[in-house]
Amino acid sequence: PFIASRVDRASKPLNEMRRNVVGEAERRIDEGPFGCRRSDCPLGILVAEAMLVGGAPLGAEVAILNSGSIKTVLTAGPITMADVRTALPFNNTLSTFKLSGQELKEVLENGVSEVLNGSGRFPQIAGMRFSYLPFNPLGEQVANIKIQGEPLDPDRDYTIVTNSYLRRGGDGYRTFLEAREAYDLGPDIADLVAGYLGANRPYMPFRDDRIELLYEQ
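Quick summary incoming for the structure in this document. (Residues numbered from 1 in each chain as written. Predicted model: local features only at pLDDT ≥ 70, side-chain atom pairs only at ≥ 80, totals over all residues. Heavy atoms only, no water.)

Quick word on the sheet that holds strand β11 (residues 211–213)
- A sheet is described by the order of its strands in space; here four strands give the open sequence β8-β7-β6-β11, paired in mixed fashion. Whereas interior strands pair on both sides, the edge strands pair on one side only; in this sheet they are β8 (150–151) and β11.
- Bridge count for strand β7 (residues 142–147) against β8 is two bridges, and the pairing is antiparallel. By the bridge assignment for β8, I147 is matched with E150.
- Sitting on the sheet, helix α4 (residues 101–112) touches β6 (128–132) and β7, and the angle it makes with β7 is about 130°. (Pairing = 2+ DSSP bridges. Helix = DSSP H or I, 4+ residues; strand = E, 2+ residues; numbered from the N terminus. Contact = heavy atoms within 4.5 Å. Axes fitted to C-alpha atoms, helices over the stretch in contact; angles between N-to-C directions.)

As structure tokens, then:
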């Protein structure tokens, strides 16, 4: 009985998460036709848009996360907190900071630099669009960057949100280590996604070619 009671207490939070419906999806939220490691994908867009909303009080203009931080799809119909935590299992929190436009381009160059290897560093984004040419030399693969619909200004500072893993330089995103005006005590990203799903219920997943693959410019 003692062991059974301890198991019951330990499983109670998980059971509550399984019962806690935070939103619902019109259809499955997945990797889309091209996958999250070479293109924008419905699941990555959901997380990035939720992060951008979460950073809005601090003026966030752009959200960037690594595709490797997303581990499974969300099925159509009711979505529980446990579902969200299964898709985003790493307990990442939101970091907000400033980078110049030139530094932001460097970040994106890192993000696409191993796309041919299927690397989890490939970015999912919100608040911006860009193209990339995977067969160009490293450092010359990203083009046509637009922030909030306007061409990137390399000399202007932009307010960026990312996850705590990338903020610490994970997946080669070492430029984030040099960020300015950083605030690293943001909310849990899984909680942001749950709140975003609840505010946009029922959620219709989509992709909009915000990341465009080019073979020549």
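Let us keep going from here.
Regarding the side chain of E61
- Inspection of the secondary structure puts E61 in the loop between α2 (42–55) and β2 (62–66).
- With residues near it in sequence (within four places) discarded, E61 still touches L52, A126, G127, I147, Q148, R156, D157, Y158 and T159.

Regarding the nonpolar core
- I29, L46, V84 and V193 are the most contacted members of the largest nonpolar core, which totals 31 residues.
- Among the secondary structure elements, those contributing two or more residues to this core are β1 (21–25), α2, β2, α3 (81–87) and α6 (189–199).
- Excluding residues that lie within four positions of it along the chain, L46 makes contacts with I29, L74, V193, Y196, L197 and Y203.
- Membership of the second largest hydrophobic core comes to 25 residues, among which are V62, I64, Y158 and F176. (Core = buried A, V, L, I, M, F, W, Y, C linked by side-chain atoms within 4.5 Å. Buried < 20%, exposed > 50% of the residue type's maximum accessible area, 1.4 Å probe, protein only.)

What to know about the state of the cysteines
- All told, the structure shown has one disulfide when counted by the stated rule.
- The disulfide bridge from C36 ends at C41, spanning 2.0 Å between sulfur atoms. Looking along the S-S bond of the C36-C41 disulfide, the torsion reads about 95°, which is the right-handed sense. For the pair formed by C36 and C41, the shared burial category is buried. (Disulfide = S-S within 2.5 Å.)

Some words on the pattern of salt bridges
- Counting across every chain of the model gives 14 salt bridges.
- Among the salt bridges present, the one from R201 reaches E24, with a minimum N-O distance of 3.6 Å. Remark: E24 occurs in strand β1 and R201 occurs in the loop between α6 and β11; sequence separation between them is 177 residues.
- A relative accessible area of 44% places R201 in the partly exposed class.
- Between R210 and D208 there is a salt bridge, with its nearest N and O atoms 2.9 Å apart.
- Judged by relative accessible area, D208 falls into the partly exposed class, the value being 26%.
- Beyond isolated ion pairs, a larger network of salt bridges with shared partners links D40, R207 and D209. (Salt bridge = Lys/Arg side-chain N within 4 Å of Asp/Glu carboxyl O.)

Quick look at the side chain of E103
- By the element assignment, E103 lies in helix α4.
- Among the polar contacts listed, one links the side chain of E103 to the side chain of R180, at a separation of 3.1 Å.
- Discounting residues that sit within four places of it in the chain, E103 has contacts with T175 and R180. (Polar contact = N/O pair within 3.5 Å; in protein donor to acceptor, adjacent residues only side chain to side chain.)

Here we look at a nonpolar patch on the surface
- Together, L58, Y183 and L185 make up a nonpolar patch on the protein surface, roughly 340 Å² of accessible area in all.
- Here L58 lies in the loop between α2 and β2. (Patch = residues over 30% accessible without salt bridge, like charges linked within 9 Å, V, L, I, M, F, W, Y side chains within 5 Å. Areas by Shrake-Rupley, 256 points an atom, 1.4 Å probe, with all protein chains shown as cover.)

Comments concerning the sheet that holds strand β5 (residues 123–126)
- Overall, mixed pairing links the five strands, which are arranged β5-β2-β9-β4-β10 in an open sheet. Looking at which strands have only one partner, the edges of the open sheet turn out to be β5 and β10 (180–183). Shown here is a sheet whose adjacent strand axes are inclined to one another by a mean of 25°, direction ignored.
- Bridge count for strand β4 (residues 94–100) against strand β9 (residues 157–163) is seven bridges, and the pairing is antiparallel. Bridged to L99 within β9 is Y158.
- Relative to the sheet, α4 contacts β2, β4, β5, β9 and β10, its axis offset from that of β4 by approximately 120°.

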